[in-house]
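One-letter residues, chain by chain:
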Amino acid sequence: MKQNGDCLNVIITGVGGQGNILASHILATAAIAEGFHVTIGETYGQSQRGGSVMSHVRLSKGESLGALIPRGKAHVIVGLEPMETLRVAADYANPGTKTIVNPRPNYPLMVLYGAQEYPPVETLLARLGEMVEVVKVVEGTELAKGIGEAMASNVVMVGALAGSGWTPIPTDTFISVLKEVIPQKILALNQRALKLGIESIRK
Amino acid sequence: MLSILLDEPGKRVLMMGNEAIARGAIEAGMKFCAAYPGSPSSEIIGTLARPDVAENFGHHAEWSTNEVVALEAAAGASFGGLRALCAMKQNGINVASDFLMSVVMSGCKGGLVLVVADDPGAHCSNNEMDSRAYARLLDAPLLEPATIEESKEMTRWAFELSEELEMPCMIRSVTRISHARGDLSLGPINRLQRTPRFEAYDRFLSLGTVTHSVLHGKLEKARDIFEKSQFNQYVGPSGAELVIITCGTGWLFSREALRTLGLEDKVGILKLATTWPLPNRFIVDHLKGVKQVLFVEEIDPFMEQNVKSLLADYIGSELEVIKFFGKGSGHVRSRFGPALGEIDPDIVIRAVAEIKGVDYQAQTPEYAERASTLLSEYTASRDLAFCAGCPHRASYWVMKNALALDGRGGFVLGDIGCYGMGAGRSGYFINRTLHCMGSGAGVACGLGNLAKFEFDQPVVAVMGDSTFFHAALPALINARYNGAKFTSVVLDNSATAMTGFQPHPGIGLNAMGNPATQVLIEDVCKGLGFHVEIRDPFKVDEAVEALHDLMQREESSVLILRHTCGLVESRKKKKDRISVNAEKCLGDECGCARFCTRVFGCPALIWNEKEKHASVDEVVCTGCGVCAYLCPQSAIEVEKAEELQR
Amino acid sequence: MNKGPDDLQSEVQQANLCAGCGMCVGLCPYIKEMDEKVAIVERCGRSDGRCYRFCPRTSTDIGALDEMVFGARRGDAVLGSYRTLTAAKAANAATHSAGQYGGVVSALIIHALKKGVVEAALLTRYSERKQVLPRPTVARNRKEVLACSGSKYTAAPTLSALQDILKTGEKLAVVGRPCQVTAIRKMQLYDDRPELKNIKLVIGLFCLWALDYRRYAAHLSGQVNVSRIRKIDIPKNDDFIVYTNGGEARVPINKIKEFIRPSCQVCFDVTAELADISIGSTEWQDDWNTVLVRSEAGEKLFADALKAKAVTTKKFPGEREAILREAVGAKKRRVLKELSRRGSESAPLLYLKLDDSQRALFLEGGNK
């Protein structure tokens, strides 16, 4: 717990359909298990439709916090998509912010139409690096594809957060709460995804 | 186990605001709930309608055809003596308002609670409105929870309040409550066992001024109760010069603002949970000696104006002269301005900093400037679009083609929901109007009836399948009756997709997933005397010809473009693998000039800039295959899921 | 100067000059056709395009096209280049009776298929779903050819199917109206795709006008039971007669003429001047055709068909030739006048490109 009193501000950002909400749910459940108050500010409703999505996950002791993190006050940003990570960092990061990024682009419509450009991912990550303290690249999609389900990339990324040591939650707690959040049918797959993420960031 | 099912008082669980409201209803012994889905309110009934939840607590849950029907149904259950809940988004209260205006006068028996979830910032709406104005219009008690935990607690309380006052009680939530998640303490479940009965003496009559005067009496009683409510509270030093009066999300934002600025010991916060009628005495008592008041609330300065109006009677007597800050003064303003968009902690921090003359910067100027350069140089706008595999994209392509081939200047009158995107790039800018559920058909009743003024453009009205039942039917009947001529296009994806795939009367399942009488759209239309055609929008050429031909007819007609929502379909089956044969892809040559990526605009189709051909993002692609059908070069290939498994 | 679909839209579509030939439709996924109306559905963004270049209503250089097809510019300003003018009819009775007049088009196509001169023919036949709507079809045998017999009276944008058939690699015959023949020739002039060599035979139909399908079909459906139509004809400028299984219906020719496509009013070519063989009615004997054999390929086929007794011929009387020339010449002069009225400095005759000597020749209506 650092900065701005007794709280941890995490932003999980991505594009509609990437499983942002599940990712924040896992983190929040783990935090509650560790006795924290948690508030998640989620923007969805149309999030399945290709728009930017971000979840503000706020851990606190003492009292609950509002659903939105103030500008410049994110401690950790987990980016499920590189451009979205940069977008969120511009508003919410500070020089001490730590980031974990899945470098696989999801192209916005205007890029597909040819009306706008998607900068090279290396450039995006380099610019991001100038804004924050740490950029950890975790190939979430590729790792998830490796276990047969690209859609599990969100859980890989949560795994990376769990293994990062940047939250006050023990890694084992993430592993143990997974069954509370994920249906039995796809639990084993997601457990593998979470572990891949943990291993990946520790390399 | 789903936390809403737990009967473990005191256990702390994570819940979404809407789940908390649902849990509050369960803890109050609610037995009947009804709604028409609408973000950000949908998960309230969505949760209560889950088969395990409905079965466990024994309540009835339904997706009604629209909001006024939902409210009437809930009122009916209340008239029978049960506790009943009705939920809707802000648009819904407009639909329900006619009945609402009279049910407050007639009163009710079992606790009747109406939850309206507003959407400040219009995250998931095509309008931005503050439904609290209705509470004042209705003379109805209004509660505004400020946290996830309060959402549950106040919902439970609202049932008691409603029964005490014998009238419906309104709860106003917002997106940042309904769609936020937080931890809360579970309460005991009231296993209320009432046998509903419409007693011989039961009368629920709205009778003009007579019942209006009864209503005013009830409102004063509500005020008395609110004066003592524990949900209204003051925190901060006594003798503060500046007091923030706030409600809803403003409460935690204000706490954070004072903490961030280090002003917790200097500035007070008066949190109101009952914002109509106002607890007059409670407010006045906490403003003794106060010189500055800052109002913090979502959207309209509703509380701000009501409190100012109240204080006008006390300033100069019990109270000192107060300088007011808020939306009226422009201190509480989003990037759009005051009373526009949603509030956030930064808005409150800035307002307090400005009033107190404190310097505050979220990021250093140098850092903020770099950040803004990054935004403009390295990020592309991410517009909303129909999902990969969405049948509506094909349907809009069909409409675009049919209109062009008809060539008489025909146009499309739109609808809201997913079809709202028909007004944007993803729908080829086809929709020319965007108002409310069913309004496409209604507006077509006017534009389609101007032939005698030599109006000769064909009129097409779009509606969704759920919209058809919600609000399009009266317009369609009107078209038959008054002879308006237009072509209705029902975009039937067999789901209320925008709000989370709730079933509707055309599907054959009820809210709780049980089989229900299926009301077929085509049967209804045929019954009304319309010529009806049904096509699959993925069979684009057939659909274009059908629409074109219907537009040539002398009478109004209906085209149902039917294909299941890609998201629903992708949950059910393994997807086909779609890929681009790079050798066949023409790319930029004279021919298609990148039809799939530049024009059709499916998010799964990507242009490979280096190799100058299209490719498919296998993660995004749902395998619908319509691009393979449309590719002029037949360069897109489909491998069937069954073959892939072999 | 290169021009593209936006120019096609403004100069042809919006100017009401579209002849409905179908050429651009087959070239481009954004140009579509429905009930004979052609529409550009979406801008492709190109500033040059085949759609513009091959269109018979964009800049059309008659001299260059003559040189490509016949090896020389024309001497005959009225009927264009030709080798023989003759009256002919199909020798086979069934072929003859299926045809509109002499059945020569069907007879020549059947002969060409039989002899392997071509393997497929792009023709039109009525749609099975929409009344009196001709659709492109590919015939590969006698039966399929005969199913396409009879005049259609509307634009019949058959060329929309041309590109797909060319891809099959089959040797191909195309039958079309003068605008369609011009479109094919422009394609051959400006495009060097190898598959264009598969077009072995272009038979042109005489054409004074084509009807706007939508208005015409709507009118007919109010007049007769269109589902029972056997044949449609205009015997010697008489009324427009629709023969049905339940008798015949007459529509005054002046009424029908209201439905003529505006583009036909500025059409300079009545006898399909760039075809290998051009075929029309005789206006004097219902069961014979007028045949203009124009190119070397046309001459070869016609001679062969005659030898094989697929067609029989007789001399085209001098006085009938004079009448034909007068009718065609009058239309050309009328159209030239209209084109110069509508022309601009950069395009004095709108789409028609003639040098001064050609223009003078046309205006005089001179003979060989």
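Position numbers for residues count from 1 along each chain, tracking the sequence in the order it is written. Think of it this way: whatever chain is written first is A, whatever ligand is written first is 1, and the rest follow in order. Under the rules for a predicted model, residues below a pLDDT of 70 receive no local features and side-chain atom pairs below 80 are neither given nor counted, while totals for whole chains, interfaces and linings still include all residues. Computation of side-chain values covers all heavy atoms of the structure but excludes hydrogens and water.

A. Main features of the overall build of chain A. Here a helix means four or more residues in a row that DSSP labels H or I, a strand means two or more in a row labelled E, and each is numbered from the N terminus. When its secondary structure is counted, chain A shows 8 helices and 6 strands. Reading chain A from its N end, one meets helices and strands in the order β-α-β-β-β-α-β-α-α-β-α-α-α-α. The reference for a compact globule is 2.2 Å times residues^0.38; the radius of gyration itself is calculated from the C-alpha atoms. Relative to the 2.2 N^0.38 estimate, which gives 17 Å for 203 residues, the radius of gyration of chain A is 16 Å and therefore close to what a compact globule would have. Projected onto its principal axes, the C-alpha coordinates of chain A cover approximately 50 × 40 × 35 Å. Relative accessibility thresholds used throughout: buried, under 20% of the residue-type maximum; exposed, over 50%; partly exposed, between the two (1.4 Å probe, protein chains only). For chain A, the proportion of its 203 residues judged to be buried stands at 65%. Here the contacts in chain A between residues at least 6 apart in sequence split such that 66% fall between residues at least 24 apart. All accessible areas in this document rest on Shrake-Rupley with a 1.4 Å probe, and a residue is counted as covered only by the protein chains that are shown. Accessible surface, chain A: about 6,800 Å² in total, of which carbon and sulfur atoms supply 51%. Where the 18 positive side-chain charges of chain A centre and where its 17 negative ones centre are 3 Å apart. When checking whether two residues touch, look at their non-hydrogen atoms; a contact exists if any pair is within 4.5 Å. Think of it this way: Lys and Arg go in the positive column, Asp and Glu in the negative one, and His and the chain ends go nowhere. Lysine's charge is taken at NZ, arginine's at CZ, aspartate's at CG and glutamate's at CD.

B. Spatial organisation of the interface of chain C and chain B. The interface of chain C with chain B comprises 20 residues on the first partner and 23 residues on the second. Accessible area that two parts lose when put together, evaluated with a 1.4 Å probe and summed over both, is termed the buried area. Interface area, chain C with chain B, both sides summed: about 1,800 Å², of which 54% is carbon and sulfur. Among the residues chain C hides against chain B, the three largest losses belong to Tyr 30, Met 34 and Val 41 of chain C. Together they make up 30% of the total. Any Lys or Arg side-chain nitrogen found within 4 Å of a carboxyl oxygen on Asp or Glu counts as a salt bridge. Connecting chain C to chain B are 4 salt bridges. A salt bridge links Arg 129 of chain C to Glu 545 of chain B; the nearest nitrogen and oxygen atoms lie 2.6 Å apart.

C. Broad picture of the sheet that holds strand 7 (residues 169-174) of chain B. Residues and elements named next belong to chain B. Should DSSP find at least two bridges between two strands, the strands are taken to pair. As summarised here, the arrangement of the 7 strands in space is 3-2-4-5-7-6-12, forming an open sheet in which the pairing is mixed. A strand with exactly one partner marks an edge of an open sheet, and here the two such strands are strand 3 (60-63) and strand 12 (274-276). Here 2 bridges tie strand 6 (residues 142-143) to strand 12, and the two strands are oriented antiparallel to one another. The partner of Leu 143 across the bridge, within strand 12, is Thr 274.

D. Region of the structure containing helix 5 (residues 90-106) of chain B. All names here are of chain B. Expected helix span is taken as 1.5 Å per residue step, with the number of steps being one fewer than the number of residues. Between its terminal C-alpha atoms helix 5 stretches 23 Å, which fits the 24 Å expected from 17 residues at 1.5 Å a residue. Within helix 5, the axis deviates most sharply at Ser 97, by approximately 65°. Counted residue by residue, helix 5 has 12 buried out of 17 residues, so it is predominantly covered. Buried within helix 5 are the following residues: Gln 90, Asn 91, Gly 92, Ile 93, Ala 96, Ser 97, Phe 99, Leu 100, Val 103, Val 104, Met 105 and Ser 106. Here the buried face of helix 5 lies against helix 4 (67-79), strand 4 (84-89), strand 5 (112-118), helix 6 (132-138), strand 7 and helix 9 (208-227). Across the chain, bend at a residue is computed as the angle between axes fitted to the seven residues ending at that point and the seven starting from it.

E. Structural detail: the sheet that holds strand 10 (residues 240-244) of chain C. Residues and elements named next belong to chain C. With antiparallel pairing, 3 strands are arranged side by side in an open sheet as 9-10-11. Looking at which strands have only one partner, the edges of the open sheet turn out to be strand 9 (229-233) and strand 11 (247-251). Going across the sheet, the axis of each strand differs from the next one's by a mean of 20°, ignoring polarity. Relative to strand 10, strand 9 is paired through 4 bridges, and the arrangement is antiparallel. Bridge pairing in strand 10 places Lys 231 opposite Tyr 243. To get an axis, fit a line to the C-alpha atoms, keeping to the stretch in contact for a helix; angles then go from 0 to 180 degrees between the N-to-C directions.

F. A look at the arrangement of the chains. The pair of protein chains exhibiting the most contacts, out of 2 pairs of chains in contact, is chains A and B. At their nearest point, the C-alpha atoms of chain A and chain C are still 12 Å apart, with no contact between the two.

G. Fine view of the interface of chain A and chain B. Residue-level contacts link 69 residues of chain A with 66 residues of chain B. Counting the surface lost from both chain A and chain B, the interface buries some 5,700 Å², and carbon and sulfur atoms represent 55% of this. For the salt bridge of Glu 256 of chain B with Arg 58 of chain A, the shortest nitrogen-to-oxygen distance reads 2.6 Å. In protein, a polar contact means a hydrogen-donor-capable atom and an acceptor-capable atom, both N or O and within 3.5 Å, with residues adjacent in sequence counting only if both atoms are side-chain atoms; elsewhere, any N or O pair within 3.5 Å suffices. Connecting chain A to chain B are 25 residue pairs in polar contact (both at pLDDT 80 or more). With 8 residues, the single largest contributor to the side of chain A that touches chain B is helix 2 (residues 82-92) of chain A. Residues belonging to the side of chain A that touches chain B are distributed by class as follows: 33 nonpolar, 21 polar and 15 charged. As defined by bridge partners, strand 2 (residues 37-42) of chain A adjoins strand 8 (residues 180-185) of chain B across 3 bridges and the pair is classed as antiparallel. Note on strand 8 of chain B: the bridge partner recorded for Thr 39 of chain A is Gly 182 of chain B. Amino acids outside the nonpolar list (Ala, Val, Leu, Ile, Met, Phe, Trp, Tyr, Cys, Pro) and the charged list (Asp, Glu, Lys, Arg) are all regarded as polar, and Gly is one of them.

H. Layout of unusual backbone geometry. Residue and element names in this part refer to chain B. Cis geometry marks the peptide bond from Ser 39 to Pro 40, where omega comes out at 5°. With respect to the element layout, Pro 40 can be found in the loop between strand 2 (32-35) and helix 2 (43-48). Along the chain, Trp 276 connects to Pro 277 via a cis peptide bond; the corresponding omega equals -10°. The residue Pro 277 is located in the loop between strand 12 and helix 11 (280-286) in this model. Despite not being glycine, Ala 122 has its phi angle at roughly 50°, a positive value. Along the chain, Ala 122 turns up in the loop between strand 5 and helix 6. Residue classification places Ala 122 among the partly exposed residues on the basis of a relative accessible area of 28%. For Tyr 428, which is not glycine, the phi dihedral falls at a positive 55°. Within the secondary structure, Tyr 428 is located in the loop between strand 15 (411-413) and helix 16 (439-447). What makes Tyr 428 buried here is its relative accessible area of 8%.

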